[in-house]
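Architecture and fold: a report
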Amino acid sequence: MGLTAAAAQGMSGHAGPVSALATDGERLVSGGFDGRAILWSPDLQTARGVERFHDGNVTATALLPDARHLTAGQDGRVALWGDAGDLLFSTPHGISPVAALAVSPDHTVIAVGFWDGRLVLMDIEGREISSVQAHAGRLAGLAFLPSGDLVSVGGDLRFFRWDGSLSVQASAGLPDLPNGLARVGDRLAVIFAEGALRLFSPEGEVLPERFLSERPLVAVTASPDTVAAAAVDGTIWILGAETLQVRAEIAPEGGPVWALALAGDTLVAGGASGTIRRHATADGARIGQAQSMIADAYDDGSRGAEVWRACAICHSLEPGDHSRAGPSLHGIFDRPIASVEGYAFSPALRDLDIVWTPRSVAELFEVGPEIYTPGSRMPDQRVADPADRQALVEFLERASR
């Protein structure tokens, strides 16, 4: 269960802003201010797993080609996850939040940049290889070049290229405060607080530049032929990678966009609204709506069915269908919490003395899971309107039998 009906207009599973995105076209991992990371299905319609590990904001995510993925957070930790959502390793709590994360071209080395300017290289199993005080200020962006060298930009207005032992191979000054970095083939796209997007060579030479806004640019992503950037007001630009010619400008929807990711001809965006939306890279057109086919199958035209659409992101109503982030809600009423077979509930839920009834389900959404079911992996969602809570309960009484 989870979200309000309004949230069903985009992929939504976070109890707050989306802060990190990574996609390869088949998988998408999002990180949120709620401390959760969500692994979405290939069709980007449903949540397949919810990981609640980090203390505070999930600041970065990355995908590996063997179905594993990485998350990093405000708590200074980096975690490696298996395809089933099992934690394979994690680093200890850090003294500074993780600001940037990158994976080497051969997928054997992780680069981690911190708010205090440190840069750490570790192998994929989490053993530190080397570290350096890379910047005198926030490390604002990291990207590996095809050669295996690493580029960083920082709040000290410096650009550095590092080799595998973290020796400086090239350096240059930056014209303004950088807010992010993405690789464009063998070049680097850097966004700035002054609203400019600039391309750089691996030696730090400024190539084409484009002033996009009077507001700070706060998110960037790139592929060999496309660059996308977003401003703090939520405007998104899609540009050709060669000359930074603007292909599309997407108007703000619900506040700042904090995260962007590209895969093929699709741009994925997330931010303050808590939803994740997709756009075509050719013209910026919105792609689809994040409404589940199972939600449609159970739509009886009621207000409760509208509210349920958002719940269907993480739950099915089919018997035994636990393929989403949460268990099937078939037969939920009069069932003790964490008792359905075939789903791996968190230990915290197994210790609770709750039986699901219309009243307890309504109470869950009145106060939120953080209070009602502490320790749950469920995003902390509330349904503020009592009429909507009642409508949802009545729909579940009909549809979950």
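Report follows, based on the coordinates. Because the structure is predicted, anything quoted here is derived from the model rather than measured.

1. Describing the packing of helix 2 (residues 303-311) against helix 6 (residues 386-399)
Between helix 2 and helix 6, whose axes approach to 8 Å, the crossing angle comes to 85°. In terms of orientation, helix 2 lies roughly perpendicular with respect to helix 6. Contacts between helix 2 and helix 6 involve R303, G304, A305, V307, W308 and C311 from the first element and D388, A391, L392, F395 and L396 from the second. Residue classes in the contact of helix 2 with helix 6 are distributed as eight nonpolar, one polar and two charged.

2. Re the sheet that holds strand 6 (residues 58-63)
Here we have four strands laid out as an open sheet, ordered 6-7-8-9, and antiparallel in their pairing. In this open sheet, the two strands that pair with only one neighbour each are strand 6 and strand 9 (87-90). The sheet shows a mean angle of 20° between the axes of neighbouring strands, taken without regard to direction. Pairing between strand 7 (residues 69-73) and strand 8 (residues 78-81): four bridges, direction antiparallel. The residue of strand 8 that forms the bridge with T71 is A79.

3. Re the packing of aromatic side chains
Within the structure shown, the criterion is met by five aromatic pairs. Both rings, one in F192 and one in F200, keep their centres 6.3 Å apart while their planes meet at 45°; by these two values the pair is tilted. Take F192: its relative accessible area is 0%, and that puts it in the buried class. The class of F200 is buried, set by a relative accessible area of 0%. Judged by centre distance (6.0 Å) and plane angle (35°), the rings of W308 and F395 are tilted. In this pair, W308 is assigned in helix 2 and F395 in helix 6, connecting sequence segments 87 residues apart. Grouping aromatic residues by their ring pairs yields a cluster made of F159, F192 and F200. Note that R77 overlies the ring of F53, its terminal NZ or CZ placed 4.0 Å from the centroid. Note that R138 overlies the ring of W115, its terminal NZ or CZ placed 5.0 Å from the centroid.

4. So, the pairing of strand 26 (residues 257-263)
Where burial is concerned, most of strand 26 is hidden: six out of the seven residues are buried. The pairing of strand 26 with strand 27 (residues 266-271) spans six bridges and is classified as antiparallel. Residue pairing in the sheet places L262 in a bridge with L267 of strand 27. Between the end of strand 26 and the start of strand 27, which pair antiparallel, lie two residues, with G264 showing a positive phi angle near 60°.

5. Digging into the nonpolar core
The tendency in soluble globular proteins is for nonpolar side chains to be buried as a group. The biggest cluster of nonpolar side chains holds 29 residues, and the ones touching the most others in it are W308, W356, V361 and L396. Mapped by element, the contributors of at least two residues to this core are helix 2, helix 4 (358-367) and helix 6. Considering every element that reaches this core, the biggest residue donor is helix 6, with five residues. By size, the runner-up hydrophobic cluster in this structure holds 17 residues, among which are A60, L70, F114 and V120.

6. Description of the side chain of D34
Here D34 is to be found in the loop between strand 3 (28-32) and strand 4 (36-40). One polar contact links the side chain of D34 to the main-chain amide nitrogen of R36, over a distance of 3.0 Å.

Procedures and definitions
- Residues numbered from 1 in each chain as written.
- Predicted model: local features only at pLDDT ≥ 70, side-chain atom pairs only at ≥ 80, totals over all residues.
- Heavy atoms only, no water.
- Axes fitted to C-alpha atoms, helices over the stretch in contact; angles between N-to-C directions.
- Helix = DSSP H or I, 4+ residues; strand = E, 2+ residues; numbered from the N terminus.
- Parallel < 35°, antiparallel > 145°, perpendicular 65-115°, else oblique.
- Contact = heavy atoms within 4.5 Å.
- Nonpolar A, V, L, I, M, F, W, Y, C, P; charged D, E, K, R; others polar.
- Pairing = 2+ DSSP bridges.
- Phe/Tyr/Trp six-rings, centres within 6.5 Å; stacked < 30°, edge-to-face > 60°.
- Buried < 20%, exposed > 50% of the residue type's maximum accessible area, 1.4 Å probe, protein only.
- Lys NZ or Arg CZ within 6 Å of the ring centre and 35° of its normal.
- Core = buried A, V, L, I, M, F, W, Y, C linked by side-chain atoms within 4.5 Å.
- Polar contact = N/O pair within 3.5 Å; in protein donor to acceptor, adjacent residues only side chain to side chain.

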